[in-house]
Amino acid sequence: MPPSPPSITYEILSEQNATTTNAIIEHYSTSSEFLSLAKSEGDGILQRDDEDASKLQKGIDIAKEKGVLDPQFVPEEYIEVDVLGKSPEDVADEILGTVRKGGDGDGGSGGGGVVVLCGLSGTGKGTTVAKLKEKLEKEDKKRVVCWSNGNIFRSVTLLAVTWCEQQEDCDGFDPSKALTKENLASFMGMLEFGKFNGKFDTKITGLGLNLLISEVQNTQLKSPKVSKNIPTVAEVTQGEVVLFASDAISKMGADGIFTLLEGREQTVNYVRTPLRFTLTLSDTSLIGKRRAAQRLAAGALKEVGRKDGDKGEEEKEEVVGKALDGQLESMVKEAEAGN
């Protein structure tokens, strides 16, 4: 008789981190239902990654055709980091070994630097960035910023939508009229990155707007009129936003700030730094297993949280086990219905 799979305690489930994920993967290592769910999750992730990469490359190609990006540009070589069998802390330490050995990235003369991190979904980029930030701040005493292009795309979208609202011949948002080469150059000129109120921020000035991104990132920049039009605007502004981000990161580096930049290679290629890494998984089946385990953990914790908290440890483990099994059964049925 094969040995029973290791049980999962409430404490492990409640952590909702890599320890939880690894425990669930081990628990269901011989479960055909879990392996089926993991394959479905993995296939979906890889398909979405391919679709996203294709869309981003289209935007980059448009930027090259417009002359915004240099078609002959060649980025520094990426360093591959296989995350198989490694904790987020292990991965961060491996990256920091290179960072500390090679000195700071090309962040200017002020002691700052830039680390670029890429990789397929499911390889742990977000967790690794968080761990890198923590270690750079605590161990290296760096001032660290995690940069995202998202708010810049939102800002350009807000300007494009506002421009349409001010035109008599525009009925709502009209991309063909708003997103001309001349208009896009004008909109980008309305964005300024620098120090405002003593800290780095992006200022939006033009078309009657006078805003700081930090003050409107959760309000005006997330309004429906902005959110629904971001994909359309982003497709034709990849180049402009990439160059804006590169300039902003250089300014922060010159001021002694260390920037962590996570994203797709197509867009982060244009930020100059020798410290660029791509996370890989030599066993790609783990991408789906991790995502499946994360979903099971979240669903089970939500269910167990409604149970009696006064139960003993053995009873808690039994409740956790039943919750995980129930979530697995439900998700497998959902996946089968979607195929």
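As shown above, the structure is provided for reference.
Worth saying up front: this structure is predicted, and the values here are computed from it rather than measured.

What counts and what doesn't
- Residues numbered from 1 in each chain as written.
- Predicted model: local features only at pLDDT ≥ 70, side-chain atom pairs only at ≥ 80, totals over all residues.
- Heavy atoms only, no water.
- Helix = DSSP H or I, 4+ residues; strand = E, 2+ residues; numbered from the N terminus.
- Contact = heavy atoms within 4.5 Å.
- Areas by Shrake-Rupley, 256 points an atom, 1.4 Å probe, with all protein chains shown as cover.
- Lys, Arg positive; Asp, Glu negative; His and termini not counted.
- Charge placed at Lys NZ, Arg CZ, Asp CG, Glu CD.
- Polar contact = N/O pair within 3.5 Å; in protein donor to acceptor, adjacent residues only side chain to side chain.
- 1 Å grid on protein atoms, 1.4 Å probe; cavity = no way out; pocket = protein on both sides within 12 Å on 5 of 7 lines; lining within 4 Å.
- Points joined across faces, edges and corners; volume = space filled by probe spheres on them.
- Nonpolar A, V, L, I, M, F, W, Y, C, P; charged D, E, K, R; others polar.
- Buried < 20%, exposed > 50% of the residue type's maximum accessible area, 1.4 Å probe, protein only.
- Core = buried A, V, L, I, M, F, W, Y, C linked by side-chain atoms within 4.5 Å.
- Salt bridge = Lys/Arg side-chain N within 4 Å of Asp/Glu carboxyl O.
- Axes fitted to C-alpha atoms, helices over the stretch in contact; angles between N-to-C directions.
- Parallel < 35°, antiparallel > 145°, perpendicular 65-115°, else oblique.
- Left-handed = near helix turned anticlockwise from the far one by under 90°.
- Pairing = 2+ DSSP bridges.

Trainee: Help me out: how do you make sense of the overall build of the chain in this one?
Mentor: What the chain contains, in helices and strands, is 14 helices and eight strands. For the chain, the spread of C-alpha atoms along the principal axes amounts to about 70 × 55 × 40 Å. Counting contacts in the chain only where the partners sit at least 6 residues apart, residues at least 24 apart contribute 75% of the total. Surface accessibility of the chain: about 17200 Å² in total, with carbon and sulfur atoms responsible for 48%. A gap of 3 Å separates the mean positions of the 41 positive and 55 negative side-chain charges of the chain.

Trainee: Quick question: what am I supposed to make of the environment of Gln167 here?
Mentor: Along the chain, the position of Gln167 falls in the loop between α6 (150-165) and α7 (175-178). The spatial distance from the C-alpha of Gln167 to the C-alpha of Leu243 is 28 Å, given a sequence separation of 76 residues. A distance of 3.1 Å separates a polar atom in the side chain of Gln167 from the backbone oxygen of Trp163.

Trainee: When you look at the layout of surface pockets in this model, what are you seeing that I'm missing?
Mentor: To find leftover empty space, a probe the size of one water molecule is rolled over the atoms. Of the pockets and cavities examined, the largest pocket occupies roughly 570 Å³. Lining the largest pocket are 22 residues, with Leu56, Phe153, Ala234, Gln238 and Thr267 positioned closest to its centre. Of all the secondary structure elements, the ones that give two or more residues to the lining of the largest pocket are α3 (32-66), α6, α11 (230-254), β7 (257-262) and α12 (265-268). Partitioned by chemical class, the residues of the lining of the largest pocket number eight nonpolar, eight polar and six charged. Space inside the second largest pocket adds up to approximately 440 Å³. Elements supplying a minimum of two residues to the lining of the second largest pocket: α2 (18-27), α4 (88-102), α5 (125-138) and α13 (285-304). At five residues, the largest contribution of residues to the lining of the second largest pocket is made by α13. Class assignment for the residues of the lining of the second largest pocket results in six nonpolar, 12 polar and four charged.

Trainee: In this structure, what is going on with the environment of Gln220? I would like to understand it.
Mentor: Position of Gln220 relative to the elements: it lies in the loop between α9 (213-216) and α10 (224-227). The exposure class of Gln220 is partly exposed, given its relative accessible area of 34%. With residues near it in sequence (within four places) discarded, Gln220 still touches Leu211 and Val226.

Trainee: Would you mind going over the nonpolar core with me for this structure?
Mentor: Ile24, Phe34, Ile95 and Leu324 are the most contacted members of the largest nonpolar core, which has 45 residues in total. Ignoring sequence-local partners within four residues, the contact set of Phe34 consists of Ile24, Ile25, Tyr28, Lys289, Ala292, Ala293, Leu296 and Leu328. Counting 44 residues, the second-largest nonpolar core is a separate cluster that includes Leu179, Phe193, Ile204 and Leu261.

Trainee: Just checking my understanding: could you explain the pattern of salt bridges for this structure?
Mentor: A side chain of one charge can pair with a side chain of the opposite charge when the charged atoms of the two come close. Counted by the stated rule, this structure contains 25 salt bridges. Across the pair Glu139 and Arg100 runs a salt bridge whose closest N-O atoms are separated by 3.0 Å. Here Glu139, found in the loop between α5 and β3 (143-147), pairs with Arg100, found in helix α4; they are 39 residues apart in sequence, far enough to count as distant. Through salt bridges that share partners, Glu89, Asp93, Arg100, Lys135, Glu139 and Asp140 make up one connected network.

Trainee: Could you clarify how one ought to interpret the packing of α3 against α13 in this entry?
Mentor: At a minimum axis distance of 7 Å, the contact between α3 and α13 shows a crossing angle of 110°. In terms of axis orientation, α3 runs roughly perpendicular to α13. Crossing of α3 over α13 shows right-handed handedness. From α3, Phe34, Leu35, Leu37, Ala38, Glu41, Gly42, Ile45, Leu46 and Arg48 reach across to α13, where they touch Ile287, Gly288, Lys289, Arg291, Ala292, Ala293, Arg295 and Leu296. Broken down by class, the residue content of the contact of α3 with α13 amounts to 10 nonpolar, two polar and five charged.

Trainee: Please clarify how the pairing of strand β2 (residues 113-119) should be interpreted in this entry.
Mentor: Within a regular beta strand, the side chains point alternately toward one face of the sheet and then the other, so they alternate between its two faces. Most of β2 is tucked away, with seven of its seven residues classed as buried. Burial along β2 is two-sided: the residues Gly113, Val115, Leu117 and Gly119 and Val114, Val116 and Cys118 are all buried. Here β2 pairs with β7 via five bridges, running parallel. Bridge pairing in β7 links Val116 to Leu261. In terms of strand pairing, β2 meets strand β8 (residues 276-280) through four bridges, oriented parallel. For Cys118, the partnering residue across the bridge sits in β8 and is Thr278.

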